[in-house]
Amino acid sequence: MGSLETESAQSRLDLLAPPVAKALAVWPAEAPIDADQVLVAPIDPGLADTAAFCEAYGVRLAESANCVIVAGRRGDVTKYAACVVLATTRADVNGLVRRHLDVRKASFAPMDEAVALTEMEYGGITPIGLPPSWPILVDSRVAATPHVIIGSGVRHSKIAIAGPALGALPGAEVIEGLAREVS
């Protein structure tokens, strides 16, 4: 986990967005880790974007995961989903994600919309604490990573968590081939 100085997220609620703190309070009993094993570390908010963060804190891109919010439309109905993919990959939004959501058109949700709907800061959006009706699509490579760094809902910290725990979040589904390697 590079040079991050982590501690239990439950003891540092000041480093979490309110929906993330609420989700930790009702952590799923079937998760492969306990809530007190979800760790958080303060970071420079100017370094929250993945590439800058990894370089500054010595975290490999293959240990860092991004949570992207996708909006899919069919007629007048918009469906939202979160895709959790390693930083070395990109979500297959127009293929697998679009078909999974059963929508005609899918794209990344606009920044202001993603921020408003998640109640999290852009650059810190995380799968923990998202609206309960949203599916959380977790690439199988993320779920197979022993420890992964994700957002905390705010730009001034990051969460360190066991990859398998992300697949156990409420509404989560681990999907093979959700993302493609970046060339």
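Residues numbered from 1 in each chain as written. Predicted model: local features only at pLDDT ≥ 70, side-chain atom pairs only at ≥ 80, totals over all residues. Heavy atoms only, no water.

Caption draft 1: Spatial organisation of helix α2 (residues 50–57). Taken together, the buried positions of α2 are Thr50, Phe53, Cys54 and Tyr57. Projected down its long axis, α2 carries its buried residues within an arc of 95 degrees, all on one side. Every exposed residue of α2 that faces more than 90 degrees away from the buried side is listed here: Ala51 and Glu55. On the buried face of α2, the contacting elements are β3 (65–74), β8 (148–151) and β9 (157–161). Just downstream of α2, Gly58 is the residue with a positive phi angle, here 65 degrees. (Buried < 20%, exposed > 50% of the residue type's maximum accessible area, 1.4 Å probe, protein only. Helix = DSSP H or I, 4+ residues; strand = E, 2+ residues; numbered from the N terminus. Arc of directions from axis to C-beta. Contact = heavy atoms within 4.5 Å.)

Caption draft 2: Fine view of the sheet that holds β8. Taken in spatial order, the 4 strands make up an open sheet running β1-β2-β9-β8, and their pairing is antiparallel. Of all strands in the sheet, those with a lone pairing partner are β1 (7–8) and β8, marking the two edges. Pairing geometry for β1 and strand β2 (residues 39–42), over 2 bridges, is antiparallel. Note on β2: the bridge partner recorded for Ser8 is Leu39. (Pairing = 2+ DSSP bridges.)

Caption draft 3: Structural view of the side chain of Ser64. Mapping Ser64 onto the fold places it in the loop between α2 and β3. In this view, Ser64 contacts Thr50, Cys54, Val85, Leu86, Ala87, Val148 and Ile149; residues no more than four positions away in its chain are not counted.

Caption draft 4: Broad picture of the pattern of salt bridges. Counted under the stated rule, the structure contains 8 salt bridges. Of the charged contacts in the structure, one is a salt bridge between Glu63 and Arg60, with a shortest N-O distance of 3.8 Å. We classify Arg60 as exposed; its relative accessible area is 52%. Between Arg141 and Asp139 there is a salt bridge, with the nearest N and O atoms lying 2.9 Å from each other. In the salt-bridge network here, residues are joined through shared partners; they are Glu7, Arg12 and Asp14. (Salt bridge = Lys/Arg side-chain N within 4 Å of Asp/Glu carboxyl O.)

Caption draft 5: Spatial organisation of the nonpolar core. Judged by nonpolar contacts, the single largest core of 43 residues is most densely connected at Trp27, Ile69, Ile128, Leu130, Ile159, Ile161 and Leu166. At the level of elements, α1 (18–25), β3, β4 (77–86), β7 (136–139), α5 (140–143), β8, β9 and α6 (163–166) are the ones that each hand at least two residues to this core. Beyond its immediate stretch of four places on either side in the chain, Leu130 contacts Cys67, Ile69, Ala82, Thr118, Met120, Ile125 and Ile136. Judged by nonpolar contacts, the second largest core, of 15 residues, contains Val93, Ile175, Leu178 and Ala179. (Core = buried A, V, L, I, M, F, W, Y, C linked by side-chain atoms within 4.5 Å.)

Note that all results are geometric; they support no functional claim without further evidence.
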